[in-house]
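# Secondary and tertiary structure notes
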Amino acid sequence: GQLGGDLEAGRRHARAVADKLREVLARPCELDGSSYVSTASIGITLFPKDREGVDDLLREADIAMYRAKEAGRNRVAFFAAAMQAEVEERLALEQALQRAIVAGGIDVHVQPQFDADGQEVGGELLLRWLDPARGPVSPARFIPLAEETGLILPLGDIVLRRACQALARLHAAGRELHLSVNVSPRQFRRDDFVERVQELLHETGAPAGSLILEVTEGLLIENWESTLARMQRLVALGVRFSIDDFGTGYSSLGYLKKLPLYELKIDRGFVADTPDDPSDTAIVQAILSVARHLGLHVVAEGVETQAQADFLRANHCGGLQGFLLARPQPLADWLDRQLGVPEGLPLAAD
Ligand code: C2E
Ligand code: MG
Ligand code: MG
């Protein structure tokens, strides 16, 4: 509508209208004897702008509304040109990721894990994406995008397949190492997830007992019943479960007892400040103590210093993972080393 001659006046008016709307919506209303309160996220864009039609304006208002939702709902947000640039960059990233998946541009690395005696006992698989134009893109950036767009499903398949193939080769060579795979919530909740894992184990001949699935606390809390049932089916196959980034989510200790868990991974945020920071040190000790009482294995992530490793060992932490001990490295190279293939020889792809 017509709100004023200049953009600043228009902005003030639009804001006032939006606030009035929110106020009216926020009044409790009676429905069937119950009282309900609504909130609204409102996006606003102002015009005229150069070369913009109705569709452009609606799209801008939509982008601003999503921004209002992201900012915590029940808010008003104005469209800004920077938002548009961000939306476009995300779209470009999504398309590039899609192309990389199809073209085989996604690689899998492994970060070795060690027991308290310093013996290498297995590793965690980590996705790597080297984009021709962007260079290496951090998983912290593309995993959330993949989760949102559904691309995590083909990505998750790539990692699971590589894990099973590697485990089968290790097993055939008499090397009993385990491999941990990160499983995102959307991947875990797909209807055929249990069947996918079963199929891959069968197809590759990988020993199920050497496959560890890392899930996050958030996954365990939502849809508790169906999550538990699904975990039990996977555990019946022989697969083990680990909670990643333990201590960072909203978890109750009660659920630890009820779930078929094998392991907790102490988030590297806590490990980073041991043994100097008293509260993080206490948190790490508390996690270790809870795990001991529940009979759970523990891996500390992000071990970077000798002092951290010494502290963790002194407190009976069974597993260590971090740059101090080993960096993530290409899975194919690691596997060759484990299988004793001499370096520099041309090798069949795994
Ligand atoms: P995560 O599962 O907690 O993985 C551990 C991350 O910590 C990895 O980062 C690893 O490179 C990093 N790290 C290991 N040791 C150290 C250390 O000593 N110091 C520091 N500062 N960092 C260390 P990366 O590879 O960037 O992965 C980040 C996250 O992306 C992972 O966190 C995981 O949540 C996600 N991710 C990676 N690969 C996959 C995957 O295949 N599937 C899913 N769903 N998520 C994945
Ligand atoms: Mg992990
Ligand atoms: Mg972690």
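Up top you'll find the structure we're talking about.
The following paragraphs examine the structure supplied in this document. Nothing here was measured: the structure is a model prediction, and the numbers come from that model.

## Section: the coordination of the magnesium ion (ligand 3)
Under ideal tetrahedral coordination, the four donors around a metal are separated by 109.5 degrees; under ideal octahedral coordination, the six donors are separated by 90 or 180 degrees. Around the magnesium ion (ligand 3), the protein contributes the donor atoms Asp244 (OD), Asp245 (OD), Glu301 (OE) and Glu301 (OE), which lie 2.0 to 2.6 Å from the metal centre. All donor residues of the magnesium ion (ligand 3) come from one chain, and their arrangement in sequence is D-D-x55-E. Separating the magnesium ion (ligand 3) and the magnesium ion (ligand 2) is a distance of 4.0 Å, and Asp244 donates to both of them. Of the two residues, Asp244 is situated in strand E10 (residues 240-246) and Glu301 in the loop between strand E12 (297-300) and helix H13 (306-314); the sequence distance between them amounts to 57 residues. Judged by its relative accessible area of 9%, Asp244 falls in the buried class. Judged by its relative accessible area of 8%, Glu301 is buried.

## Some remarks on the packing of aromatic side chains
On inspection of all chains with the given rule, the structure shows three aromatic pairs. Following the ring pairs from residue to residue traces out a cluster consisting of Phe188, Phe193 and Phe241. Above the face of the Phe78 ring, Arg11 is positioned so that its terminal group lies 4.1 Å from the ring centre. The cationic tip of Arg240 hangs over the ring face of Tyr262; the distance from NZ or CZ to the ring centre is 4.3 Å.

## A short note on the site of ligand 1
What surrounds ligand 1 is a group of 22 residues, the closest being Arg128, Asp244, Arg268, Glu304 and Phe323. In this structure, Glu124 approaches ligand 1 through a side-chain N or O atom, which is 2.9 Å from an oxygen atom. With respect to ligand 1, the side chain of Glu304 contributes an N or O atom lying 2.4 Å from a nitrogen atom. Relative to its unbound accessible surface of 810 Å², ligand 1 loses 84% to contact with the protein. Cavity membership is defined here by more than half of the atoms lying within 2 Å of grid points; on that basis ligand 1 lies in the largest pocket.

## Describing the pattern of salt bridges
A complete count under the given rule lists 19 salt bridges for this structure. The salt bridge partner of Arg161 is Glu203, with a shortest N-O separation of 3.0 Å. Here Glu203 lies in helix H7 (residues 193-204) and Arg161 lies in helix H5 (residues 152-172), a separation of 42 residues in the sequence. Overall, Arg161 belongs to the partly exposed group, its relative accessible area being 31%. For Glu222, the salt bridge goes to Arg189, with nearest N and O atoms at 4.0 Å. Residue Glu222 is located in the loop between helix H8 (217-221) and helix H9 (224-237), and its partner Arg189 is located in helix H6 (residues 185-189); the two are separated by 33 residues in the primary sequence. For Glu222, a relative accessible area of 48% corresponds to the partly exposed category. For Arg189, a relative accessible area of 28% corresponds to the partly exposed category. It is possible to trace a salt-bridge network through shared partners that takes in Asp157, Arg190, Asp192, Arg196 and Glu199.

Scoring rules and cut-offs
- Residues numbered from 1 in each chain as written.
- Chains lettered and ligands numbered in written order.
- Predicted model: local features only at pLDDT ≥ 70, side-chain atom pairs only at ≥ 80, totals over all residues.
- Heavy atoms only, no water.
- Donors = N, O, S within 2.8 Å, 3.2 Å for Na, K, Ca; no water.
- Helix = DSSP H or I, 4+ residues; strand = E, 2+ residues; numbered from the N terminus.
- Buried < 20%, exposed > 50% of the residue type's maximum accessible area, 1.4 Å probe, protein only.
- Phe/Tyr/Trp six-rings, centres within 6.5 Å; stacked < 30°, edge-to-face > 60°.
- Lys NZ or Arg CZ within 6 Å of the ring centre and 35° of its normal.
- Near = heavy atom within 4 Å.
- Polar contact = N/O pair within 3.5 Å; in protein donor to acceptor, adjacent residues only side chain to side chain.
- Areas by Shrake-Rupley, 256 points an atom, 1.4 Å probe, with all protein chains shown as cover.
- 1 Å grid on protein atoms, 1.4 Å probe; cavity = no way out; pocket = protein on both sides within 12 Å on 5 of 7 lines; lining within 4 Å.
- Sits in = over half its atoms within 2 Å of the grid points.
- Salt bridge = Lys/Arg side-chain N within 4 Å of Asp/Glu carboxyl O.

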